[in-house]
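Remarks on the overall topology
Given next are the chains, with one letter for each unit.
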Amino acid sequence: MVVLNDDFFALPQFNAADALVALKRQLRDLKLDERGPGFELRGKRVVELAVDGDAIAARLARRRALTPQWDRLTLKSAADSRNVIDDIKKRLARWEHEE
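These numbers come from a predicted model, not from an experiment.

1. Observations regarding the overall build of the chain
Looking only at helices and strands, one finds two helices and five strands in the chain. Traced from its N-terminal end to its C-terminal end, the chain shows the element sequence α-β-β-β-β-β-α. Relative to its full complement of 99 residues, the chain shows a buried share of 29%. Sequence separation of at least 24 residues holds for 41% of the intrachain contacts in the chain that already meet a minimum separation of 6.

2. Quick look at the sheet that holds strand E3 (residues 44-52)
Within the open sheet, the five strands sit side by side as E1-E2-E3-E4-E5. Their pairing is antiparallel. Strands with a single pairing partner mark the edges of an open sheet, and in this sheet they are strand E1 (33-35) and strand E5 (70-75). The average angle at which neighbouring strand axes cross in this sheet is 25 degrees, direction not considered. By the bridge criterion, six bridges tie strand E4 (residues 55-61) to E5 in an arrangement that is antiparallel. Within the sheet, the bridge partner assigned to Ala 57 lies in E5 and is Thr 74.

3. Brief notes about the pairing of E4
The buried fraction of E4 is high, at five of seven residues. The pairing of E3 with E4 spans six bridges and is antiparallel. Within the sheet, the bridge partner assigned to Asp 52 lies in E4 and is Ala 55. Counted along the chain from E3 to the antiparallel partner E4, the turn is two residues long, and its residue Gly 53 has a positive phi close to 70 degrees.

4. Details of the packing of helix H1 (residues 16-29) against helix H2 (residues 78-98)
For the pair H1 and H2, the least separation of the axes is 11 Å and the interaxial angle reads 20 degrees. It follows that H1 is roughly parallel to H2 by the angle criterion. Judged by the sense of rotation from one axis to the other, the crossing of H1 with H2 is right-handed. In this structure, H1 uses Ala 19, Leu 23, Gln 26 and Leu 27 to contact H2, whose residues at the interface are Ser 81, Val 84, Ile 85 and Ile 88. Across the contact of H1 with H2, the residue classes break down as six nonpolar, two polar and no charged.

5. Digging into the nonpolar core
Counting 23 residues, the largest nonpolar core has Leu 27, Leu 32, Val 47, Leu 49, Ile 56 and Ile 88 as the members making the most contacts within it. For this core, the secondary structure elements donating two or more residues are H1, strand E2 (38-41), E3, E4, E5 and H2. The residues contacting Leu 49, other than those within four sequence positions of it, are Leu 20, Leu 23, Lys 24, Leu 27, Pro 37, Phe 39, Ile 56, Ala 57 and Ala 58.

6. Overview of H2
The end-to-end C-alpha separation of H2 is 30 Å, in line with the 30 Å expected for 21 residues at 1.5 Å each. If you check which residues of H2 are buried, you get Ser 81, Val 84, Ile 85, Ile 88, Arg 91, Leu 92 and Trp 95. Each buried residue of H2 sits inside an arc of 125 degrees when the element is viewed along its axis, so together they form one side. Residues Arg 82, Lys 90 and His 97 are exposed on H2 and point more than 90 degrees away from its buried face. For H2, the elements touching its buried residues are H1, E2, E3, E4 and E5.

Each value, and the rule that gives it
- Residues numbered from 1 in each chain as written.
- Predicted model: local features only at pLDDT ≥ 70, side-chain atom pairs only at ≥ 80, totals over all residues.
- Heavy atoms only, no water.
- Helix = DSSP H or I, 4+ residues; strand = E, 2+ residues; numbered from the N terminus.
- Buried < 20%, exposed > 50% of the residue type's maximum accessible area, 1.4 Å probe, protein only.
- Contact = heavy atoms within 4.5 Å.
- Pairing = 2+ DSSP bridges.
- Axes fitted to C-alpha atoms, helices over the stretch in contact; angles between N-to-C directions.
- Parallel < 35°, antiparallel > 145°, perpendicular 65-115°, else oblique.
- Left-handed = near helix turned anticlockwise from the far one by under 90°.
- Nonpolar A, V, L, I, M, F, W, Y, C, P; charged D, E, K, R; others polar.
- Core = buried A, V, L, I, M, F, W, Y, C linked by side-chain atoms within 4.5 Å.
- Expected span 1.5 Å × (residues − 1).
- Arc of directions from axis to C-beta.

The following block contains the structure:
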């Protein structure tokens, strides 16, 4: 007789430190320049990331500017990380189109 454990199909626990490393790699792949805790596009800060306990605190610039207005997000899962990368790609495309 085979007994299945309920945790067998459970998703792995979110590891904020590992997810931050992966996010940074993806942002560098999008040609953003890493400067300290943030990333810049042509010298203007557009993304900031930091580990906050079991989550990642993210700030995304609404528009590319020297002093941008920020959207604050809390990433608590791998799905949140994928969503924020998709959002950043959309913003980059919009900023390229606006110029």
